[in-house]
Amino acid sequence: MKNHLTLLLVFTFTIFSFAQKKTEPTPKEIQLAETLKETYPDDHVASESENYHITFEFNKKTEKVEVLETITKKLISLDSRADIQVYSFYNGESEIESFEIKYKTDRDADFYIKDEAMKSDDLFHNDARVKYTNLDFPLKGYKYQIETVKRYKDIKYFTSLYFNDDYPAVKKTFTIAIPNWLDLELKEMNFDGFPIQKSVKANEDTDGKIHTFIIENVPAMFDDSSAPGPSYIYPHILILAKSFTIDAVKTNIFESTQDLYNWYKTLVNSLENDNTDLQEKVVELTQDAATDEEKIKNIYYWVQDNIRYIAFVDGIAGFKPDEASSVFKKRYGDCKGMANLTKQMLIEAGFDARLTWIGTNRIAYDYSTPSLSVDNHMICTIYNDGEPTYLDGTEKFNAYKEYANRIQGKQVLIENGDEFILNIVPKAAANFNKETVNYNLSLENEQLSGTVSKTYNGESRSGLLQYLSQLQTDKKDTFLMWYLDGGDSNIKVEDITTSNLTDREIPVNIDYNITINNAVSSFDDTMYIDLDLEKELSGYNFEKRKTDYVFDYKKHLESTTTLKIPDGYKIGSLPKDIAISNDNYNLKVSFTKTNNTIIYKKDFEITDSVIKKTSFNEWNDFIKNLNSVYNEQITLTKQ
């Protein structure tokens, strides 16, 4: 018996060792990994090949078109050791039918596939789920094959295919088999400049056509912060499902914007909006208001202040608003629920309020493209005196008739009974968000002291108010002190006074006294002064960026620092003035002497919140010169 067990153990170990050896990378695979690492130095793993096979089926029971997406990825490690996570999301409108990890030998790898719900503060049930596992690549050139099969239960939710992904790919192929009974458009987006090979052939197995798209040497999605939304910069295919014909009966899906609106309306019409619970609050908010506008503001601001924003983003929950009474009772909701609550409260107050769909500036499309990918947000539109005003309850400190940059200039789809209205949210100029800073300083015993006055308007104001609102009351003064002194122990801030920090309709004003140590040094008869405490834009160098830079909003900073020259001194040297101007921004710095004072001015106006890659060289040159100004000290010499 002992001999048999020994032989069995030896045999098992031999088989295991042989199998393990077959999975180890060959010299050719190691060479491939090294070559790919030279091309993609920032990546640890690449796809040797990726194949997406898309087919469509008609489900007679649900009478919906389903999509079957089969993905095969052959991953190779570019480093001696790499750890990654592979995953696939699904929700109530989709399911993962298969998720397999294999070695290059096609043998199953023993990785545990986790299946978890996506959570957000555990405050609500969300049908979004993810299947995933953690892969470890022990050696350079090591390979795994990932195979997933995902079914979309309704073609509406299958909206796009992107060529770029988490990892670079040597070759990526999309094969889309469209049956004759399905009217589906493959809309090519951002294809210009990319070597995408396309072909169409008859489907030999079934009636229809097979569309194939192939791209080689495609990099991973860029890891740039503050980048435009993916739909602006990556090549992708929009899947526009228009209609299907079964047994000679045609059924529209999204053949037109009207079809898209009709589907949205079915979701809205299915709501059971019982406003009984809202009525007392609406009366309370409006009974003492002198004008209609005051009534609207009271309701709008109450929603902003009292309803916590929580996002539902997947499945039917991503498109169907919650009942107003439910949001009112829970005191939280997503953008759709908040928009519906705003609408119902305004209706109870006697106003013409309507739900409104919109895509934020993260999305490149408008409603000429009938697809669920065209919008990602919902607001409320109120018609008062015949003019539309847009109310976004998720923007906590936006005043009435103020619009966040993320929706400015974007097209809206406004409910209008069986029809719809298309409109554009007004744009605001950079001056709307103007920040004004004034330092009045004097110099004594190598110490700067004086007064500071700061004013914030528009989104610079609402952003500051929102941050302050999230802090506990006893921490707001501490934060404000840190915000003003920058955490610098050499700066002492005293006697702070502010405007009403709960009033979103007025600018935020902050005034205080300041004392600055170690900003002045003396050598012989010369004083060296660092006059800039803020150094705005100093870190905005875009030399390593691969995408446009998107500011949160258009900006306009006007900063003036006035320094009184001490008696017995004269100006030795001042930094040179610099300026740059184009269609996207106007930036300038200047130094002037008036009587016995130095006036240092910065005027930074970002007229378009997007800094284009084509402007990076010019922009970076200015930032380099700006940092030179920041680093150059003013000198005063004894007369």
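Residues numbered from 1 in each chain as written. Predicted model: local features only at pLDDT ≥ 70, side-chain atom pairs only at ≥ 80, totals over all residues. Heavy atoms only, no water.

The protein chain is annotated in an unreviewed UniProt entry as Transglutaminase-like domain-containing protein of Bizionia algoritergicola.

Chemist: An account of the overall build of the protein chain is needed here, citing residue identities and associated values.
Modeler: Looking only at helices and strands, the protein chain has eleven helices and 35 strands in total. Its C-alpha atoms put the protein chain at 100 × 70 × 55 Å along the principal axes. Each of the 639 residues in the protein chain was classed as buried or not, and the buried ones make up 49%. For the protein chain, the proportion of contacts with a sequence separation of at least 24, taken over those separated by at least 6, is 72%. Of the charged side chains in the protein chain, 74 are positive and 102 negative, and the gap between their average positions amounts to 4 Å. (Helix = DSSP H or I, 4+ residues; strand = E, 2+ residues; numbered from the N terminus. Buried < 20%, exposed > 50% of the residue type's maximum accessible area, 1.4 Å probe, protein only. Contact = heavy atoms within 4.5 Å. Lys, Arg positive; Asp, Glu negative; His and termini not counted. Charge placed at Lys NZ, Arg CZ, Asp CG, Glu CD.)

Chemist: Would you mind going over the layout of surface pockets in detail, with residue names and values included?
Modeler: There is about 490 Å³ of room inside the second largest pocket. Around the second largest pocket, the lining is made up of 20 residues, and of these D42, D43, A220, M221 and D223 lie nearest the centre. Ranked by the residues each element gives to the lining of the second largest pocket, the list is headed by strand β3 (residues 82–90), at three residues. Per-class residue counts for the lining of the second largest pocket are ten nonpolar, one polar and nine charged. (1 Å grid on protein atoms, 1.4 Å probe; cavity = no way out; pocket = protein on both sides within 12 Å on 5 of 7 lines; lining within 4 Å. Points joined across faces, edges and corners; volume = space filled by probe spheres on them. Nonpolar A, V, L, I, M, F, W, Y, C, P; charged D, E, K, R; others polar.)

Chemist: Run through the environment of F622, naming residues and quoting values.
Modeler: Assignment of secondary structure puts F622 in helix α11 (residues 616–631). The buried category is assigned to F622, whose relative accessible area is 4%. Separated by 44 residues in sequence, F622 and I578 have C-alpha atoms that sit 7.9 Å apart. Excluding anything up to four places from it in sequence, F622 contacts I578, A579, I580, L587, K588 and F604.

Chemist: Explain the packing of helix α5 (residues 276–286) against helix α6 (residues 292–306) to me, using residue names and the numbers behind them.
Modeler: Running from N to C, α5 and α6 point in directions that differ by 125 degrees, and their axes come no closer than 8 Å. When the axis of α5 is compared with that of α6, the two are oblique. Handedness of the crossing formed by α5 with α6: right-handed. The residues of α6 that touch α5, namely those facing K281, V282, L285 and T286, are K295, N298, I299 and W302. By residue class, the composition of the contact of α5 with α6 is four nonpolar, two polar and two charged. (Axes fitted to C-alpha atoms, helices over the stretch in contact; angles between N-to-C directions. Parallel < 35°, antiparallel > 145°, perpendicular 65-115°, else oblique. Left-handed = near helix turned anticlockwise from the far one by under 90°.)

Chemist: Account for the sheet that holds strand β35 (residues 634–638), naming residues and giving values.
Modeler: One open sheet accounts for four strands, arranged β26-β27-β35-β30; its pairing is antiparallel. For this open sheet the edge positions go to β26 (520–523) and β30 (569–573), each flanked by a neighbour on one side alone. Pairwise comparison of adjacent strand axes, ignoring direction, gives a mean angle of 30 degrees for this sheet. Pairing of β26 with strand β27 (residues 526–529) involves four bridges; the strand directions are antiparallel. Bridge pairing links S522 to M527 in β27. (Pairing = 2+ DSSP bridges.)

Chemist: Describe in detail the domain arrangement of the protein chain, supporting the description with residues and values.
Modeler: For the protein chain, the domain assignment lists domain 1 (20–251), domain 2 (257–425) and domain 3 (430–638). Computed from C-alpha coordinates alone, the two centres of domain 2 and domain 3 are separated by 38 Å. Taken together, the contact between domain 2 and domain 3 spans 13 residues of the former and 13 residues of the latter. Buried surface at the junction of domain 2 and domain 3, summed over both partners, amounts to about 1,200 Å²; 45% is from carbon and sulfur atoms. It is F397, E402 and N405 that lose the most area in domain 2 upon contact with domain 3, and together they represent 58% of the buried surface on that side. Connecting domain 2 to domain 3 are three salt bridges. As a salt-bridge pair, D305 and R504 come within 2.8 Å of each other at their nearest N and O atoms. The interface formed by domain 2 and domain 3 contains nine residue pairs in polar contact (both at pLDDT 80 or more). For the side of domain 2 that touches domain 3, the class distribution of residues is five nonpolar, four polar and four charged. (Domains from an automatic or database assignment. Buried area = accessible area lost by both parts, 1.4 Å probe. Salt bridge = Lys/Arg side-chain N within 4 Å of Asp/Glu carboxyl O. Polar contact = N/O pair within 3.5 Å; in protein donor to acceptor, adjacent residues only side chain to side chain.)

Chemist: Quick one: what's the story with the packing of aromatic side chains, residue by residue and with numbers?
Modeler: A complete count under the given rule lists 39 aromatic pairs for this structure. Centre to centre, the rings of Y540 and Y549 are 5.7 Å apart; their planes meet at 85 degrees, and the pair counts as edge-to-face. Ring geometry for F542 versus W619: centroids 5.6 Å apart, planes at 10 degrees, classification stacked. Separated by 77 residues along the polypeptide, F542 in the loop between β27 and β28 (549–550) and W619 in helix α11 bring together distant segments of the chain. Its relative accessible area of 3% is what places F542 among the buried residues. One aromatic cluster in this structure is built from Y157, F254, Y261, W263, Y264, F319, W357 and F420. The ring of Y301 is capped by R504, whose NZ or CZ atom sits 4.3 Å from the centre of that ring. Above the plane of the ring of Y553 lies K555, whose end atom (NZ or CZ) is 4.0 Å from the centre. (Phe/Tyr/Trp six-rings, centres within 6.5 Å; stacked < 30°, edge-to-face > 60°. Lys NZ or Arg CZ within 6 Å of the ring centre and 35° of its normal.)

Chemist: Summarise the sheet that holds strand β7 (residues 143–152); cite the residues concerned and give the values.
Modeler: Taking strand neighbours across the sheet as the criterion, the seven strands line up as β4-β7-β2-β1-β9-β12-β11 in an open arrangement whose pairing is mixed. At either margin of the open sheet sits one strand with a lone partner, and together these are β4 (94–103) and β11 (197–202). Neighbour to neighbour, the strand axes of the sheet diverge by 10 degrees on average, direction disregarded. Strand contacts of helix α2 (residues 27–39): β1 (45–59), β2 (64–77), β7 and β9 (169–179), with the helix running at about 100 degrees to β2, the strand carrying the most contacts.

Chemist: Can you lay out the nonpolar core for me, pointing to particular residues and giving the numbers?
Modeler: The biggest cluster of nonpolar side chains holds 54 residues, and the ones touching the most others in it are L448 and W619. In this view, W619 contacts L537, Y540, F542, F551, Y585, L587, I606 and I611; residues no more than four positions away in its chain are not counted. Within the second largest apolar cluster, 51 residues are counted, among which are I155, I178, V218 and L260. (Core = buried A, V, L, I, M, F, W, Y, C linked by side-chain atoms within 4.5 Å.)

Chemist: Describe in detail the packing of α5 against helix α8 (residues 335–348), supporting the description with residues and values.
Modeler: With their axes 9 Å apart at the nearest point, α5 and α8 run at an angle of 70 degrees to one another. Taken together, the axes of α5 and α8 are roughly perpendicular relative to one another. Considering only the axes of α5 and α8, their crossing is right-handed. Judged by residue contacts, L278, Q279, K281, V282 and L285 of α5 engage L341, Q344, M345 and E348 from α8.

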